[in-house]
Amino acid sequence: RARNQHHHVVAYDHASHKVSRDNLALLGELRNAVGADQLRLHYQPKLLLADNSLVGAEALMRWEHPERGMIPPDQFIPQAEKSSIINELTVWALRSAVTQQSQWCAMRGMEQLKVAVNISVHDLMVPGFHDVVLQTLEQGNLDNGNLELEVTESALMEDIATSVDVLKRLSGANVIISIDDFGTGYSSLKYLDLLPTAAIKIDQSFVFRMARDAGSRQIVQAAIGLAHSLGMRVIAEGVETEENYSMLRDMGCDIAQGFFISRPLASEKFPGFSFQQQ
Ligand code: C2E
Ligand code: CA
Ligand code: CA
Ligand code: CA
């Protein structure tokens, strides 16, 4: 099937049916960016709504390009996902987040934090990916339970059998699996039960609309009920306002993440984070 194409088709632009020169240049530079130490992870706090305590952080990649400045992930991750470069970026992100969390574990109050790394479906298709994750944890001297992997819903559906197999191995080893962008993919509800997921992340588009749109609010409420009935936790992302924050808490959502709590923080700023509710 199309699976292996991802590793061979470099910078082929499906929309225009021609290889984009710009994409090629960017991909070449991106491969170099790892070795040249131009990638950074920023960490966005996740709060437990029940008591406002800090429970984790999502690691979000940024590219400090020597000429173009700080490039956000939306501008290079999708291109990277069309080639095997994504696998190098993921391995780098895993290493870097695991090393970081292992240092934070030595600081008071931070040993329970779960650091979440975004994983692409192409990573799950690389043979031995679960070994790479577990070896990274061992080399970084971090408990498996301190690592969370966020996988998007639509990505999982590309090859559900392989996804389930790899994620089961990881969750069997105590790594936490979350479904990202929940509600935006095409997943059939039956897969939700098949996947060894500890949590779903409700997509920010629902959270943005929730305060003004009854339909979005009902979708969020239904997703919370569904997840809880399957024994999963619910994380809401894109929480930008106090109104959304208290609404989600009242609806029984477990964890919140968003600009209302904090923007993603450079690693050296993260330990100084404390939640100041206005
Ligand atoms: P995502 O995984 O859905 O991450 C959430 C995005 O929403 C982040 O954007 C975050 O900064 C942003 N965000 C957080 N709170 C709020 C809020 O309250 N309001 C608004 N408007 N936005 C908020 P970012 O960092 O630009 O990342 C964009 C996407 O790039 C991520 O979406 C993820 O799909 C991808 N990405 C980022 N880092 C990585 C990575 O290391 N590996 C992979 N494979 N993908 C990554
Ligand atoms: Ca994510
Ligand atoms: Ca998301
Ligand atoms: Ca997203």
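Parameters and conventions
Residues numbered from 1 in each chain as written. Chains lettered and ligands numbered in written order. Predicted model: local features only at pLDDT ≥ 70, side-chain atom pairs only at ≥ 80, totals over all residues. Heavy atoms only, no water. Donors = N, O, S within 2.8 Å, 3.2 Å for Na, K, Ca; no water. Helix = DSSP H or I, 4+ residues; strand = E, 2+ residues; numbered from the N terminus. Buried < 20%, exposed > 50% of the residue type's maximum accessible area, 1.4 Å probe, protein only. Near = heavy atom within 4 Å. Polar contact = N/O pair within 3.5 Å; in protein donor to acceptor, adjacent residues only side chain to side chain. Areas by Shrake-Rupley, 256 points an atom, 1.4 Å probe, with all protein chains shown as cover. Salt bridge = Lys/Arg side-chain N within 4 Å of Asp/Glu carboxyl O. Core = buried A, V, L, I, M, F, W, Y, C linked by side-chain atoms within 4.5 Å. Contact = heavy atoms within 4.5 Å. pLDDT = per-residue confidence, 0-100. Pairing = 2+ DSSP bridges.

A few words on the coordination of the calcium ion (ligand 2). Those protein atoms acting as donors to the calcium ion (ligand 2) are E58 (OE), N118 (OD1), E150 (OE) and D180 (OD), and they sit at 2.2 to 2.3 Å. Counting along the primary sequence, the residues that act as donors to the calcium ion (ligand 2) give the motif E-x59-N-x31-E-x29-D. Between the calcium ion (ligand 2) and the calcium ion (ligand 3), a separation of 4.0 Å is found, and both are coordinated by D180. Pair noted here: N118 is in strand β6 (residues 114–119) and D180 is in strand β8 (residues 176–182), with a separation of 62 residues, a long-range link. Of the residues examined, D180 reaches a relative accessible area of 6% and is grouped as buried.

Once that is clear, we can look at the site of ligand 1. Inspection of the region around ligand 1 gives 20 residues, with Q44, M61, R62, E240 and F259 positioned closest. Q44 is positioned such that a nitrogen or oxygen atom in its side chain is 3.0 Å from a nitrogen atom of ligand 1. At 3.2 Å, a side-chain N or O of Q204 approaches an oxygen atom of ligand 1. Isolated, ligand 1 exposes 800 Å² of accessible area, and the fraction of that covered by the protein chains is 84%. Elements with a minimum of two residues in the shell around ligand 1: β4 (54–65), β8 and α10 (204–210). Looking at which element gives the most residues to the shell around ligand 1, the answer is β4, with four residues.

This part is about the pattern of salt bridges. If you walk through the whole model with that rule in mind, you get 11 salt bridges. With a shortest N-O distance of 2.5 Å, R31 and E88 are connected by a salt bridge. Placement of the pair is R31 in helix α2 (residues 21–35) and E88 in helix α4 (residues 85–104), with a sequence separation of 57 residues. Residue R31 is classed as partly exposed on the basis of its relative accessible area of 41%. A salt bridge links R249 to D250, with the nearest nitrogen and oxygen atoms 3.9 Å apart. Exposure remark for D250: the relative accessible area of 63% places this residue in the exposed category. Connected through shared salt-bridge partners, K46, E58, E148, E150, K201 and E237 make up one network.

Turning next to the nonpolar core. With 79 residues, the main nonpolar core has L147 and I200 as its most contacted residues. A total of nine residues in this core trace back to one element, the largest contributor, which is α4. Setting aside anything within four residues of it in sequence, one finds L147 in contact with L94, V98, V115, V117, V133, L137, V175 and I176.

Here the focus is the confidence of the model for the chain. Looking at the chain as a whole, its pLDDT mean stands at 89, while 90% of the residues score no less than 70. Below a pLDDT of 50 lies the segment residues 1–13, which in the model reaches 29 contacts outside its immediate sequence neighbourhood of four places, other chains included. Complex prediction metrics read pTM 0.91 and ipTM 0.98.

The next subject is the pairing of β8. Within β8, six of the seven residues are buried, which leaves the element mostly enclosed by the surrounding structure. Bridge analysis of strand β7 (residues 147–152) against β8 gives five bridges, and the strand direction is parallel. Following the sheet pairing, L149 is matched in β8 by I177. The pairing of β8 with strand β9 (residues 199–202) spans three bridges and is classified as parallel. What sits directly across from F182, in β9, is I202.

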